[in-house]
Amino acid sequence: MTPNLPQPDYDTVGTDTNRRRFLKSSLIVTAGCFVTSLPLSGLAQNTASSGDTLRAFIRVTQAITEHKQVNAELAAHFFTAFVKKVPNFAQQITPLVQLIQEGMSATAFAEKAQTVGLQALLQQIVTAWYTGTVGNDYHGILVSYQQAWMYRTVSDGLVVPTYCGNGPLWWTAPVPDANSTAVIDAL
């Protein structure tokens with residue numbers, strides 16, 4: 001009779017599957033994830049401060065336009081375009097937010113901004129939201145076309161003007177057969 005020798009904890013593929021090795025590997029992976037996330041805390045703080053500035057931009061937009069519903073994603077695109085186009089834009093938002101008082105009208109807000117010398121910046125913000133473009137020269141940054149606020153007033157009766165008569169991306173439909181009699185008759 002052969003003695004029963006302890007069998008190693010290897011499965012048929014040859015990998016060790018015992019519990020201690022699994023726990024040790026899990027602990028190493030968890031510690032590695034924890035250590036790699038530590039330097040990201042500074043990045044999270046920077047993101048939070050830019051998020052605060054974005055919230056301030058949205059609040060200024062709501063105050064000057066008196067629109068309570070502002071698309072946050074579109075506001076982020078406008079904010080990014082303003083940061084690229086207007087020097088010190090993020091720093092100029094803070095004094096504007098400090099001027100806002102509860103229940104203040106857009107006219108009163110504009111008058112207060114004029115006394116501080118930020119009326120031109122407010123005008124740029126309003127113009128951007130209504131035209132969908134940041135900047136008024138040929139170097140302007142197009143942020144939104146279809147969602148520009150100038151089309152809101154007529155959205156119930158008119159479509160956004162475009163050269164594409166059949167709607168956006170209509171040309172992605174398959175090209176009709178050139179030999180079709182219907183195409184020839186339509187010409």
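Use the structure listed above.
Given the structure is predicted, the values throughout are model-derived calculations rather than measurements.

Colleague: Help me get a handle on the pattern of salt bridges, residues and values and all.
Modeller: Scanning the model with the defined rule gives 1 salt bridge in all. Between Arg-55 and Asp-52 there is a salt bridge, with the nearest N and O atoms lying 2.6 Å from each other. You can see Arg-55 and its partner Asp-52 sitting in helix α2 (residues 40-65), 3 residues apart, about one turn around the helix. On the accessibility criterion, Arg-55 (55% relative accessible area) is exposed.

Colleague: Report on the nonpolar core, specifying residues and quantitative values.
Modeller: Most often, soluble globular proteins have nonpolar side chains that are buried together. Among the nonpolar cores identified, the biggest contains 33 residues, and Phe-57, Leu-96 and Phe-109 are the most heavily contacted of them. Within the residue set of this core, elements represented by two or more residues are α2, α3 (72-85), α4 (89-99), α5 (106-116) and α6 (119-131). Residue contacts for Phe-57: discarding those within four places in its chain leaves Ala-75, Phe-78, Phe-79, Phe-82, Phe-89, Ile-93, Ile-125 and Trp-129.

Colleague: Explain the environment of Ile-100 to me, and be specific about the residues and the numbers.
Modeller: Residue position: Ile-100 is located in the loop between α4 and α5. Taking the relative accessible area as the measure of exposure, Ile-100 reaches 15% and is therefore buried. For the pair Ile-100 and Val-60, spaced 40 residues apart in sequence, the C-alpha separation works out to 7.7 Å. With residues up to four places along the chain from it excluded, the contact list for Ile-100 reads Arg-59, Val-60, Ala-63 and Phe-109.

Colleague: Can you break down the packing of α3 against α6 residue by residue, with the values?
Modeller: α6 packs onto α3 with a crossing angle of 130° between their chain directions and a minimal axis gap of 11 Å. Looking at the two axes, α3 sits oblique to α6. Crossing of α3 against α6: the hand is right-handed. Residues Leu-74, Ala-75, Phe-78 and Phe-82 of α3 touch α6, and the partners they reach there are Gln-124, Ile-125, Ala-128 and Trp-129. In terms of residue class, the contact of α3 with α6 is made up of 7 nonpolar, 1 polar and no charged.

Colleague: Could you give me a rundown of unusual backbone geometry, with the residues and numbers involved?
Modeller: Non-glycine residue Glu-66 carries a positive phi angle of around 60°. Here Glu-66 shows up in the loop between α2 and α3. With relative accessibility at 48%, the residue Glu-66 sits in the partly exposed group. In this structure, Asn-88 is a non-glycine residue whose phi angle is positive, near 55°. Note that Asn-88 resides in the loop between α3 and α4. Of the residues examined, Asn-88 reaches a relative accessible area of 53% and is grouped as exposed.

Colleague: For the side chain of Thr-61, give the residues involved together with the corresponding values.
Modeller: In this structure, Thr-61 sits in helix α2. A residue is classified by how much of its surface remains accessible, and Thr-61, at 0% relative accessible area, is buried. Here Trp-129 takes part through its side chain, which lies 3.2 Å from a polar atom of the side chain of Thr-61. Setting aside anything within four residues of it in sequence, one finds Thr-61 in contact with Glu-66, Val-70, Ile-125, Trp-129 and Trp-149.

Criteria and thresholds
Residues numbered from 1 in each chain as written. Predicted model: local features only at pLDDT ≥ 70, side-chain atom pairs only at ≥ 80, totals over all residues. Heavy atoms only, no water. Salt bridge = Lys/Arg side-chain N within 4 Å of Asp/Glu carboxyl O. Helix = DSSP H or I, 4+ residues; strand = E, 2+ residues; numbered from the N terminus. Buried < 20%, exposed > 50% of the residue type's maximum accessible area, 1.4 Å probe, protein only. Core = buried A, V, L, I, M, F, W, Y, C linked by side-chain atoms within 4.5 Å. Contact = heavy atoms within 4.5 Å. Axes fitted to C-alpha atoms, helices over the stretch in contact; angles between N-to-C directions. Parallel < 35°, antiparallel > 145°, perpendicular 65-115°, else oblique. Left-handed = near helix turned anticlockwise from the far one by under 90°. Nonpolar A, V, L, I, M, F, W, Y, C, P; charged D, E, K, R; others polar. Polar contact = N/O pair within 3.5 Å; in protein donor to acceptor, adjacent residues only side chain to side chain.

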